[in-house]
Amino acid sequence: MSGIDTADQEKRAEFYNRLTPHNLAPLWEVLKDIVPPEPRSKAQTTHWRYDDMRPLLLESGALLTAEEAERRVLVLENPAFSGQSRTTATLYAGLQLILPGETAPAHRHTPSALRFVIEGEYGFTAVGGERTTMRAGDLVITPAWAWHDHGNEGDGPVIWLDGLDIPILGFFESVFMEPYNDSRHATTRPEGDALARYGAGLAPIDGASPYGLTSPIFNYPYRRTRDSLLQIAKAGDPDPHMAYTLRYTNPLDGGWVTPTMATWMTHLPSGFSTTAMRSTDGMVAHVVEGEGSIEIDGARIDFAAKDTIAIPGWTWRSLTASSDVFLFFFSDRVIHEKLGFHREERRA
Ligand code: GTQ
């Protein structure tokens, strides 16, 4: 505090020292930090180039097996949260590698997970007795507390981006995890069952949501997402801020696909630029196709396909496409909305 003399300051400091043993602290010394006029994210804007990450991830493949690692993942760690396995203030992202013939053993945990497939053709994730083949660009959901394992039945590496709400459950001290009694969970339904039941504008006539707050569809195939975005682009009239954007939905209630993480995909035709906007949710952006740039609070990042970028909450962001661009996003927006503090601003 300014404008007070040294004697007063000493008196106050002496008072604060006597508060400490009582586990008390003066609010007025920290009020402006803990209740600022607007958010100032502690997360740093960070750019992970796939060309840098891929060789390192493959190197880890020679050091240990997926079985040994349980999950062989390089965490995309935000430099502002070194050692904390955080990509944004609230979300975790990592690159997972499965080599031919390997299994990442079955387990379940209270954090929700999403996988955005980057490369490889015969990777699979099994969730609660159903397998789905993971193709580049697919969004695969693993609901909280559902048994899941991963494998690779092809002859090349399979790599995807993991997104989990681990820091959020960590904050609430609600992380539980249980290993399964076998490396793979038994398959009880044919591949494609969930998509047929829930992903064709249809739903079972009886029965509730099998995974509670999480979408019952666990693979949103890229072919469909991409086709839809290209189809709506034919109508023209891209939104100045969002270009062509569609969100992934839970078909049973129209909401987001997980209880904590919002997911959407944006398509920018070559040459298109968006007008700046900002929102309170912190985001992870992954480049599916194309090249371009993103400006975040005035700093420009030039991105290439397969790169990943952490965008701190309440920063101004705008995109420019130098070729046809498809960007996958996930953020903690679901929680902001549910708890009523989501805010967004769009520049004219
Ligand atoms: O695949 O279950 O990146 O449990 C981190 C924790 C992936 C997974 C991660 C996990 C998983």
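Residues numbered from 1 in each chain as written. Predicted model: local features only at pLDDT ≥ 70, side-chain atom pairs only at ≥ 80, totals over all residues. Heavy atoms only, no water.

Focus on the packing of aromatic side chains
Here is step 1 of the chain: Under the definition given, this model contains 11 aromatic pairs.
Here is step 2 of the chain: When the centroid spacing of 6.4 Å and the interplanar angle of 90 degrees are considered together, the rings of Tyr222 and Phe326 count as edge-to-face. With Tyr222 in helix α7 (residues 222-234) and Phe326 in strand β21 (residues 325-331), this residue pair connects regions lying 104 residues apart in the sequence. Per residue, the accessibility class of Tyr222 equals that of Phe326, and both read buried.
Here is step 3 of the chain: An aromatic cluster of three or more residues is present, and its members are Phe116, Tyr220, Tyr248, Phe328 and Phe330.
Here is step 4 of the chain: Taking the ring centre of Phe81 as reference, the NZ or CZ of Arg86 above it sits at 3.9 Å.
Here is step 5 of the chain: A cation sits over an aromatic face here: Arg247 above Trp256, 5.0 Å from the ring centre. (Phe/Tyr/Trp six-rings, centres within 6.5 Å; stacked < 30°, edge-to-face > 60°. Helix = DSSP H or I, 4+ residues; strand = E, 2+ residues; numbered from the N terminus. Buried < 20%, exposed > 50% of the residue type's maximum accessible area, 1.4 Å probe, protein only. Lys NZ or Arg CZ within 6 Å of the ring centre and 35° of its normal.)

Considering the side chain of Ser293
Here is step 1 of the chain: By secondary structure assignment, the location of Ser293 is in strand β17 (residues 292-296).
Here is step 2 of the chain: Apart from the residues lying within four places of it in its own chain, the contact partners of Ser293 are Arg300, Ile301, Asp302, Phe303, Ser318, Leu319 and Thr320. (Contact = heavy atoms within 4.5 Å.)

Re the environment of Arg72
Here is step 1 of the chain: With respect to the helices, strands and loops of the structure, Arg72 is situated in the loop between α4 (66-69) and β2 (73-75).
Here is step 2 of the chain: Once residues lying within four places of it in the same chain are set aside, the contact partners of Arg72 are Ser60, Gly61, Leu64, Thr65, Ala66, Leu95, Gln96, Leu97, Ile98, Leu99 and Glu102.
Here is step 3 of the chain: A distance of 2.4 Å separates a polar atom in the side chain of Arg72 from the backbone oxygen of Leu64.
Here is step 4 of the chain: Among the polar contacts made by the side chain of Arg72, one reaches the side chain of Glu102 at a distance of 2.4 Å. (Polar contact = N/O pair within 3.5 Å; in protein donor to acceptor, adjacent residues only side chain to side chain.)

Details of the side chain of Thr258
Here is step 1 of the chain: Mapped onto the secondary structure, Thr258 falls in the loop between β13 (244-247) and β14 (262-268).
Here is step 2 of the chain: Engagement of the side chain of Thr258 in a polar contact is seen with the backbone nitrogen of Met261, the distance being 2.7 Å.
Here is step 3 of the chain: Among residues more than four places away in sequence, those in contact with Thr258 are Ser112, Ile141, Leu213, Thr214 and Val334.

Some words on the site of the ligand
Here is step 1 of the chain: Close to the ligand lie Arg71, Val73, Tyr92, Gln96, His107, His109, Arg115, His148, His150, Asp162 and Leu164.
Here is step 2 of the chain: One of the side-chain nitrogen or oxygen atoms of Arg115 is found 2.8 Å away from an oxygen atom of the ligand.
Here is step 3 of the chain: A distance of 2.7 Å separates an oxygen atom of the ligand from a polar side-chain atom of Asp162.
Here is step 4 of the chain: Those elements that provide at least two residues to the shell around the ligand are β3 (92-98), β4 (103-109), β9 (148-152) and β10 (158-164).
Here is step 5 of the chain: Residues of the shell around the ligand, tallied by class, amount to 3 nonpolar, 5 polar and 3 charged. (Near = heavy atom within 4 Å. Nonpolar A, V, L, I, M, F, W, Y, C, P; charged D, E, K, R; others polar.)

Topic: the sheet that holds strand β1 (residues 46-48)
Here is step 1 of the chain: Sheet architecture is open: 6 strands sit in the order β1-β19-β16-β21-β14-β13, paired in antiparallel fashion. Since the sheet does not close on itself, it has two edges, and those belong to β1 and β13, each with one partner. If you compare each strand with its neighbour and ignore which way they point, the axes differ by 20 degrees on average.
Here is step 2 of the chain: Where β1 and strand β19 (residues 308-311) come together, 3 bridges link them in antiparallel fashion. Bridge pairing in β19 places His47 opposite Ile309.
Here is step 3 of the chain: Set on the sheet, α7 makes contact with β13, β14, β16 (283-289) and β21; between it and β13 the angle comes to about 140 degrees. (Pairing = 2+ DSSP bridges. Axes fitted to C-alpha atoms, helices over the stretch in contact; angles between N-to-C directions.)

Points about empty space enclosed by the protein
Here is step 1 of the chain: Inspection of every chain in the model, using the stated rule, returns 2 cavities of 30 Å³ or more.
Here is step 2 of the chain: In this structure, the largest cavity encloses a volume near 120 Å³.
Here is step 3 of the chain: Around the largest cavity, the lining residues are His241, Met242, Thr245, Trp264, Thr266, Thr274, Met277, Ile294, Arg317, Ser318, Leu319 and Phe329.
Here is step 4 of the chain: Per-element tally for the lining of the largest cavity: the top contributor is strand β20 (residues 317-321), with 3 residues.
Here is step 5 of the chain: A per-class count over the lining of the largest cavity returns 6 nonpolar, 5 polar and 1 charged.
Here is step 6 of the chain: Taken as a whole, the second largest cavity holds about 40 Å³ of empty space.
Here is step 7 of the chain: In this structure, the second largest cavity is lined by Met242, Trp264, Met277, Ser279, Asp281, Met283, Arg317, Arg333, His342 and Glu344. (1 Å grid on protein atoms, 1.4 Å probe; cavity = no way out; pocket = protein on both sides within 12 Å on 5 of 7 lines; lining within 4 Å. Points joined across faces, edges and corners; volume = space filled by probe spheres on them.)

Section: a nonpolar patch on the surface
Here is step 1 of the chain: Together, Phe15, Leu27, Trp28, Val30, Leu31, Ile34 and Val35 give the surface a local cluster of nonpolar side chains, amounting to about 650 Å² of exposed area.
Here is step 2 of the chain: Classification of Phe15 as partly exposed rests on a relative accessible area of 34%. (Patch = residues over 30% accessible without salt bridge, like charges linked within 9 Å, V, L, I, M, F, W, Y side chains within 5 Å. Areas by Shrake-Rupley, 256 points an atom, 1.4 Å probe, with all protein chains shown as cover. Salt bridge = Lys/Arg side-chain N within 4 Å of Asp/Glu carboxyl O.)

What about the pairing of β21?
Here is step 1 of the chain: Most of β21 sits inside the fold, with 7 of its 7 residues counted as buried.
Here is step 2 of the chain: Here β21 shows two buried faces, one formed by Val325, Leu327, Phe329 and Ser331 and the other by Phe326, Phe328 and Phe330.
Here is step 3 of the chain: Here β14 pairs with β21 via 7 bridges, running antiparallel. Following the sheet pairing, His267 is matched in β21 by Phe326.

Considerations on unusual backbone geometry
For residues other than glycine, phi is negative in most cases, and the peptide bonds are mostly trans.
Here is step 1 of the chain: In the Ramachandran plot, Trp145 falls in the positive-phi region, its phi being about 65 degrees despite a non-glycine side chain.
Here is step 2 of the chain: For Trp145, the position within the fold is in the loop between β8 (139-142) and β9.
Here is step 3 of the chain: Residue classification places Trp145 among the partly exposed residues on the basis of a relative accessible area of 34%.
Here is step 4 of the chain: Positive phi, close to 60 degrees, is recorded for Trp314, a residue that is not glycine.
Here is step 5 of the chain: With respect to the secondary-structure elements, Trp314 resides in the loop between β19 and β20.
Here is step 6 of the chain: By relative accessible area, Trp314 is classed as buried at 10%.

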